[in-house]
Amino acid sequence: MSVGPLIVEILCVFVLSAYLLHKYGDWRKQHPLVTVIVFISWYFSFIIIFILPLDVTTTFYRQCRNESQLTKHPISTQETPTFVQKKTTREADTNTLLATDGLTTGISSDAPLNRSRRASASLECKEPWSYVPEHILPIIWSIVYWTSYLLTWIVMPMMKSYVSAAAFTVRGKLKTAIVENAIWYGSYLLIFGVFLIYVAINPSIHLDAQNLQVIGITASNTWGLLLLVLLLGYGLVEVPRKYWHQSQKGYLLNYVYFQLAKLSTEKSEAEEHLEDVLEDVRRVSDAIKYNHPSRRHINTIITKCPDAFQDSLSKHLDDFQEYGQRPEQSKPEPIQIPTENDLVKLHSKVIYAAQTNRRTATQWDILVDKAFELEDVQSNENSHSKTYNHTYDPNYTGLRGYVCTPSVEWHWRIRLMPSMLKAITAVLAVCSLMVIWSEMTFFSLNPVLSLFAVFVESASNKNNYLLIELLCILIMAYISWCCYYTVFKIRIFDFYFLAPHHQTDENSLIFCGMMLCRLTPPLCLNFLSLIHLGSYGNAGQIQTSYTMVMGHSTELLPFIQHGFNIYYPIIVALLCCATFFHLGSRFLSCLGFQQFVGDEEMTEDMKREGLQLMKREKRKRERAQKSESRKRYIEKIRPNGKSQRLQNMNNSHRDSRSIEDGGIPSDLETSSLLPKFSKDAAEGPDQVEIFTDSEGVDFSENSVTSFGGNIQDTPASGSDSGVGRSRQKPRGIFDDV
């Protein structure tokens, strides 16, 4: 037995979680406690998905080993009911469970896995390459599950609300956090209360601490399954459809235009709201001076404002002014001082306005970059030279700059990528259909209708443990993908937004970790049911260590295990049909909400508006690029350093004599005037600018050194250039052109 693969997976999941947290978060700006809690939640959620396949292969190996022992030492079926009756509580540890399961296989002749194992009893039970000892996995599952349980139901909801709370005291923040999480706690307590009442009124069940633990686990898994099926019903359709739309660049570009027009309104409203709130902060800051007791609350509010506003505010602060006196008055006049409740409300407005403005700005930048990329693809489709031209330089560096040549990029984006995306769409559509079919039929044990159960059973018959692990990883990865894709896609969760390049705020990171911890355990139990390794459909068989830790609710709550957990997932088929035909979007569109639906008039107007916004954004970026290139050019021709200044001082007398003779200094003629007014200049602008500031001409040294050493280091400006030209003979306005 070896724990090497387990250690490798633990380390790989650690690196993956750290990379994702670094990509989306910014540990320099986040609170250290937030970073640690989010990392633990992500890490434990991912580790469940990656280690569960090892648990499955270990379970199949144990099953094969026990059946081999039964083949050598058969046990009569009359003895087995005694052992079955003893296994009615959850107190059996791993060793006892192995012994009883090894005996109960004699009575479960209807179990499909038992039949398959009998058919392969003659095969040698080889130990899997990733075999994990029986006593290790239960310990890991207990630590991981109960830590995730505490994080998702107690720690992270309180932390998320505490971070965004506007109160100035710890007590006030905790009170706000409890009130904001009343819905989450109320929904869980409702389910827990129903289960508790059912157990309490049942005379055959003794209510003790262990049963309360089972009720808590079942309530959490039931809550998660309710949300899991809803998310899967949307994600199983939208994930394949996403790649199909990406293969159709025209459709995707129109959709981006629509999203830009929709986001533009929200972005403008967010900016206006932030400006109004900042104006309120300025007035309150002027009213409450430094010697007022509430000034520390004002300072806390100011720290949540944008940096530019903080800098502008600090320039107008007066430490010596009394808070009851205006600066222009000699007699004090009372000013209305806001109360602490008013400051709390203002603090809440600042937090919400700043967060909304930051989120909309990030989403706007991402959509604009996506639109530019799609416009480049559309403009390069009919390129006869078969070279890809970017509107803006992508600045490829390293290996990517060496591989992504214009010709290679054109063939990849225009020829290969659409075909590849369509192939990926077909594969994902087949996977979604398999998930839907298995969700609707996994309760059928004879015959076995779940496709995933058939695949895993076929691999287990040949003792192909590597194939079993690959199948489990792929199935769980796709189900998790469809589920978590929906969390940050639907509008109700749009307030929480994951943005790369360290642009995600603390609230979104905590919310993501909370949802991962809440959805992963029921997702894994649902997966075990799909392959017939859950509590249902595995009667008399050895169960996985994961099921032993948190899946035993058959005896305590049979209506959940044999009713709700089996038939509720069938609803996923109805939700997929509604998503496929856009029933939700059409309903919201009828109510007046902006939705991208077909060729409706509202959709067409939004697309045209998005196109105009892109043209405006393109002109804005072109002006910014020209300004930046002009600045770089000025910095290039501007003298820098002492050596250049000495050279200019040596040449100053020669230039002044040239001016007196009516000529033009050689350095101005060759390096200043030519790039500014000539279209043939290699580095200067290609337009003749007459009535603009002459930033391209530098008179900082050559024009002023002849007037004395006291002003030779004066910075260049319009006034300096005017002094330099005052001694010249008057000339016409267009003589320099």
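For the structure itself, look to the data block above.
This brings us to the packing of helix α6 (residues 137–164) against helix α7 (residues 170–180). Close contact between α6 and α7 brings their axes to 8 Å; oriented N to C, the two are set at 125°. Here α7 runs oblique to α6, going by the angle between their axes. Pair α6 / α7 crosses with right-handed handedness. Facing α6, whose interface residues are Met158, Ser161, Tyr162 and Ser164, α7 presents Val170, Lys173, Leu174, Ala177, Ile178 and Glu180. Residue composition of the contact of α6 with α7, grouped by class: six nonpolar, two polar and two charged.

Should the charged atoms of two oppositely charged side chains come close, the side chains can pair. Inspection of every chain in the model, using the stated rule, returns 11 salt bridges. Between Arg28 and Asp26 there is a salt bridge, with the nearest N and O atoms lying 4.0 Å from each other. A salt bridge links Arg621 to Asp369; its shortest N-O distance comes to 3.2 Å. You can see Arg621 sitting in helix α23 (residues 601–637) and its partner Asp369 sitting in helix α13 (residues 340–380), a full 252 residues away along the chain. One salt-bridge network, held together by shared partners, links Asp369, Glu617 and Arg621.

The next thing to look at is the packing of aromatic side chains. Tallying each qualifying case throughout the model produces 17 aromatic pairs. Here Phe14 and Tyr43 contribute two aromatic rings whose centre-to-centre distance is 5.9 Å and whose plane-to-plane angle is 80°, an arrangement assigned as edge-to-face. Taken together, the residues Phe14 in helix α1 (residues 4–24) and Tyr43 in helix α2 (residues 32–72) connect sequence positions 29 residues apart. The ring centre of Tyr162 lies 5.6 Å from the NZ or CZ of Lys173, which sits over that ring. The lysine or arginine in question, Arg518, covers the ring of Trp153, its NZ or CZ lying 4.1 Å from the ring centre.

Another point: the nonpolar core. Formed by 101 residues in total, the largest nonpolar core has its most connected members in Trp42, Leu236, Leu519 and Tyr546. At 17 residues, α2 tops the list of elements feeding residues into this core. Apart from the residues lying within four places of it in its own chain, the contact partners of Trp42 are Ser17, Leu20, Leu21, Leu509, Cys512, Gly513 and Leu516.

Turning next to a positive patch on the surface. Taken together, Lys615, Arg616, Arg619, Lys620 and Arg623 make up a surface patch of like positive charges. Position of Arg619 among the secondary structure elements: in helix α23. A residue is classified by how much of its surface remains accessible, and Arg619, at 44% relative accessible area, is partly exposed.

Moving on, we come to a nonpolar patch on the surface. A cluster of nonpolar side chains, namely Leu399, Tyr402, Val403 and Val408, defines an oily patch on the protein surface of about 460 Å² accessible area. In terms of residue count, the dominant contributor to the nonpolar patch is helix α14 (residues 398–403) (three residues). Residue position: Leu399 is located in helix α14. Since its relative accessible area comes to 66%, Leu399 is described here as exposed.

Right, let's talk about the side chain of Ser247 for a bit. Structurally, Ser247 is set in helix α9 (residues 209–247). A residue is classified by how much of its surface remains accessible, and Ser247, at 8% relative accessible area, is buried. A distance of 2.5 Å separates the side chain of Ser247 from the backbone oxygen of Trp244, its partner in a polar contact. Discounting chain neighbours no more than four positions away, the residues touching Ser247 are Pro418, Leu421 and Lys422.

Rules used in this analysis
In this convention, every chain numbers its residues from 1, walking through the sequence in written order. Given that this is a predicted model, residues contribute local features only at a pLDDT of at least 70 and side-chain atom pairs are listed and counted only at 80 or more, while totals for whole chains, interfaces and linings are drawn from all residues. Think of the side-chain values as coming from all heavy atoms in the structure, minus any hydrogens and water. Fitting a line to C-alpha atoms yields each axis, with helices limited to the stretch in contact; the angle taken between N-to-C directions then spans 0 to 180 degrees. Runs of E in the DSSP output that reach at least two residues are strands. Runs of H or I that reach at least four are helices, and both are numbered from the N terminus. Each angle is binned into one of four classes, with values under 35 degrees roughly parallel, values over 145 roughly antiparallel, values of 65 to 115 roughly perpendicular, and all other values oblique. Here a crossing is called left-handed whenever its near helix is offset anticlockwise from the far helix by less than a right angle, and right-handed whenever the offset is clockwise. Throughout, a contact is declared for two residues whenever any of their heavy atoms are within 4.5 Å. Ten residue types, Ala, Val, Leu, Ile, Met, Phe, Trp, Tyr, Cys and Pro, are classed as nonpolar, four, Asp, Glu, Lys and Arg, as charged, and the remainder, Gly among them, as polar. Each reported salt bridge corresponds to a side-chain nitrogen of Lys or Arg within 4 Å of a carboxyl oxygen of Asp or Glu. Each Phe, Tyr or Trp ring (for Trp, its six-membered ring) is paired with any other whose centre lies within 6.5 Å, and the angle between the two planes then decides the class: stacked below 30 degrees, edge-to-face above 60, tilted in between. In this analysis the charged atom, NZ for Lys or CZ for Arg, is taken to sit over a ring once it is within 6 Å of the ring centre and within 35 degrees of the ring normal. The set of buried Ala, Val, Leu, Ile, Met, Phe, Trp, Tyr and Cys residues whose side-chain atoms join them within 4.5 Å is what this entry labels a nonpolar core. Exposed residues in this analysis have more than 50% of their type's maximum accessible area, buried residues have under 20%, and partly exposed residues fall in between, with area computed by a 1.4 Å probe over protein chains only. Patch definition: residues above 30% relative accessible area lacking any salt bridge, with like charges linked at up to 9 Å and the nonpolar side chains Val, Leu, Ile, Met, Phe, Trp and Tyr linked at up to 5 Å. For every accessible area listed, the method is Shrake-Rupley and the probe measures 1.4 Å; residues are considered covered only by the protein chains on display. When charges are tallied, Lys and Arg are placed among the positive residues and Asp and Glu among the negative ones, while His and the ends of the chain are skipped. Here the site of a charge means NZ on Lys, CZ on Arg, CG on Asp, or CD on Glu. As used in this structure description, the phrase polar contact means that two N or O atoms lie within 3.5 Å; if the pair is within protein, one of them must be able to donate a hydrogen and the other to accept it, and residues adjacent in sequence are counted only when both atoms belong to side chains.

Honestly, that's just the spatial picture; any functional story needs more than this.
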